[in-house]
Amino acid sequence: MSPRNFAFREIPSPDAGLLEVVIAGLNQEPKRLPCSLLYDEAGSRLFDAICDTDEYYITRTEVALLERHGPQIAEWIGPASVVVELGAGNLQKARLLLQHFPSPVTYVPVDISKEHLRQSALEFAEALNHVKVQAICADFHQADAIRSVLPLEGRRVLFFPGSTIGNLEPDEALQFLRQSQQILGNKGMVLVGVDLKKDASILNAAYNDAAGITALFETNILVRLKRELGAALDPQSFVYKGFYNEPLGRVEMYLVSLREQTVRIGPRQFPFKTGERIHLENSYKYSVSEFQALAAKAGLLPLDTWVDADRLFSLHLLECQAPR
Ligand SMILES: C[S@@+](CC[C@H](N)C(=O)[O-])C[C@H]1O[C@@H](n2cnc3c(N)ncnc32)[C@H](O)[C@@H]1O
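Residues numbered from 1 in each chain as written. Predicted model: local features only at pLDDT ≥ 70, side-chain atom pairs only at ≥ 80, totals over all residues. Heavy atoms only, no water.

Draft legend 1. View of the nonpolar core. In this structure, L98, Y107, F124, L191 and Y207 are the most contacted members of the largest nonpolar core, which totals 69 residues. In terms of residue count, the dominant contributor to this core is helix α3 (residues 57–77) (seven residues). In this view, Y107 contacts V83, E85, A88, L91, A94, L98, F124, V131, K132, V133 and Q134; residues no more than four positions away in its chain are not counted. If you look at the next biggest cluster of nonpolar residues, it comprises 34 residues, including I11, L86, L168 and F291. (Core = buried A, V, L, I, M, F, W, Y, C linked by side-chain atoms within 4.5 Å. Buried < 20%, exposed > 50% of the residue type's maximum accessible area, 1.4 Å probe, protein only. Helix = DSSP H or I, 4+ residues; strand = E, 2+ residues; numbered from the N terminus. Contact = heavy atoms within 4.5 Å.)

Draft legend 2. Summary view of the sheet that holds strand β12 (residues 277–284). Ordered by their spatial adjacency, four strands build an open sheet running β2-β12-β9-β8, and the pairing between neighbours is mixed. Sheet topology places β2 (31–32) and β8 (238–245) at the edges, where each strand pairs with a single neighbour. Pairing between β8 and strand β9 (residues 250–257): eight bridges, direction antiparallel. Among the inter-strand pairings, K241 is bridged to a residue of β9, identified as Y254. (Pairing = 2+ DSSP bridges.)

Draft legend 3. Structural view of the sheet that holds strand β3 (residues 81–86). A sheet is described by the order of its strands in space; here eight strands give the open sequence β1-β5-β4-β3-β6-β7-β14-β13, paired in mixed fashion. Where the open sheet ends on each side, the last strands, each with one partner, are β1 (6–10) and β13 (300–307). Ignoring strand direction, the axes of neighbouring strands in this sheet form an average angle of 20°. Contacting β1, β4 (105–111) and β5 (131–137), helix α5 (residues 114–127) crosses the sheet at an angle of about 180° to β5. Docked against the sheet, helix α7 (residues 170–184) engages β3, β6 (155–160), β7 (189–195), β13 and β14 (313–320), running at close to 145° with respect to β6. (Axes fitted to C-alpha atoms, helices over the stretch in contact; angles between N-to-C directions.)

Draft legend 4. Structural context of the site of the ligand. Close to the ligand lie 17 residues, the nearest being G87, K93, D111, D139 and F140. Note that a nitrogen atom of the ligand is positioned 2.7 Å from one of the backbone N or O atoms of G87. At 3.2 Å, a side-chain N or O of D139 approaches a nitrogen atom of the ligand. Considering the ligand on its own, with 590 Å² of exposed area, one finds that the protein chains cover 94% of that surface. Classifying every residue of the shell around the ligand by side-chain character gives seven nonpolar, six polar and four charged. (Near = heavy atom within 4 Å. Polar contact = N/O pair within 3.5 Å; in protein donor to acceptor, adjacent residues only side chain to side chain. Areas by Shrake-Rupley, 256 points an atom, 1.4 Å probe, with all protein chains shown as cover. Nonpolar A, V, L, I, M, F, W, Y, C, P; charged D, E, K, R; others polar.)

Draft legend 5. Structural detail: helix α1 (residues 18–26). Restricting attention to buried positions, one finds in α1 the residues L18, V22, I23, G25 and L26. Down the axis of α1, the buried side of the element spans an arc of 165°, and every buried residue falls inside it. Residues of α1 that are buried sit in contact with β2, α9 (213–229), β10 (261–265), β11 (268–272) and β12. (Arc of directions from axis to C-beta.)

Draft legend 6. Representation of unusual backbone geometry. Cis peptide bonds are those with omega within 30 degrees of zero, and the linkage from E29 to P30 qualifies with -5°. Inspection of the secondary structure puts P30 in the loop between α1 and β2. With an omega of 0°, the peptide bond between S103 and P104 qualifies as cis. Positionally, P104 belongs in the loop between α4 (92–98) and β4.

Draft legend 7. Broad picture of the packing of aromatic side chains. If you walk through the whole model with that rule in mind, you get 12 aromatic pairs. What links up through ring pairs into an aromatic cluster is the set Y39, F47, Y56, Y207 and F217. Of note, K31 hangs over the ring of F272, and the distance from its end group to the ring centre comes to 4.6 Å. For the cation-ring pair, R277 lies above Y254, with the distance from its terminal atom to the ring centre recorded as 4.0 Å. (Phe/Tyr/Trp six-rings, centres within 6.5 Å; stacked < 30°, edge-to-face > 60°. Lys NZ or Arg CZ within 6 Å of the ring centre and 35° of its normal.)

Draft legend 8. Molecular detail of the environment of R9. Along the polypeptide, R9 turns up in strand β1. A relative accessible area of 42% places R9 in the partly exposed class. As for R9 and V149, which are separated by 140 residues in sequence, their C-alpha atoms are 9.6 Å apart. Aside from chain neighbours lying at most four places away, what touches R9 is A135, I136, C137 and V149.

Draft legend 9. How the structure looks around the pattern of salt bridges. Within the structure shown, the criterion is met by 13 salt bridges. Residue K31 pairs with E276 through a salt bridge whose shortest N-O separation is 2.6 Å. Of this pair, K31 sits in strand β2 while E276 sits in the loop between β11 and β12; the two residues are 245 residues apart in sequence, bridging distant segments of the chain. Each member of the pair, K31 together with E276, is buried. As a salt-bridge pair, R227 and D40 come within 2.9 Å of each other at their nearest N and O atoms. (Salt bridge = Lys/Arg side-chain N within 4 Å of Asp/Glu carboxyl O.)

Structural data, given as structure tokens:
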């Protein structure tokens, strides 16, 4: 039986289905697939395993920032809040944060990975029984639909950790921060985790762990296409390649075809040359001032910013500039 402080709902996406999205992506030149497709149930578990690797400093550094500054963040936000986490993953970071929040507090984790979200949210509700958990399986770009199911009372806070904002192009991130304020309303706040620019060797190692878990995570998208769309392809005929593109300030992630081949998905055929790539993800890195400038353009002003001693990662608490 579910705990009394737990609710779960799904907001279906009005956009095209998986087959249409995949065909549209592979028809592009160069070929691409959206990174949200990486997160089926197996993908979410593999992402959790990446977070535990020695090379992936992002999770442990952000966790340490939340452990250290959680009480201060809770003080800034105050009582009776509604915390909406976009791309909540395994909810580990919200657990650390919300233990400092006094009751009543509502937590709304939003994620597209349905069963992983349901399981993580159930465990969360059992562990933190002073928090009302209202999990939503949805695409986090659906700001209007998410807003329409939120409780009306309380200060709304958007929590967007894990450098997920780095997966958006900078102009998309700006648009996203603007749109997100539709969820917030008066006196709303945003707490966002942003990965910092740094030495290429640290970034290249973080996205190429020695155990090969990142490679498994990225190639799992092909396993998903086989399983869910009956795609005729051999996942072993592609390899993962990820590297820091310093001039563009982003890590780029691809699958590379090991041979000349034709992949069949639904009614379509996609020819690949040897070495041809499918673009899967970018992960943009910012300096603190670059990100603050982006947030200010979106109408969000810094209340406080926390950075670890090695200047690997930043956590920004921002406030809506004007009531919306
Ligand atoms: C980089 S992981 C971060 C997970 C977690 N927030 C953390 O800090 O470790 C990105 C998360 O966002 C989710 N996600 C990616 N694209 C999404 C989308 N368009 N809508 C909803 N969730 C999405 C994924 O399922 C995944 O859990």
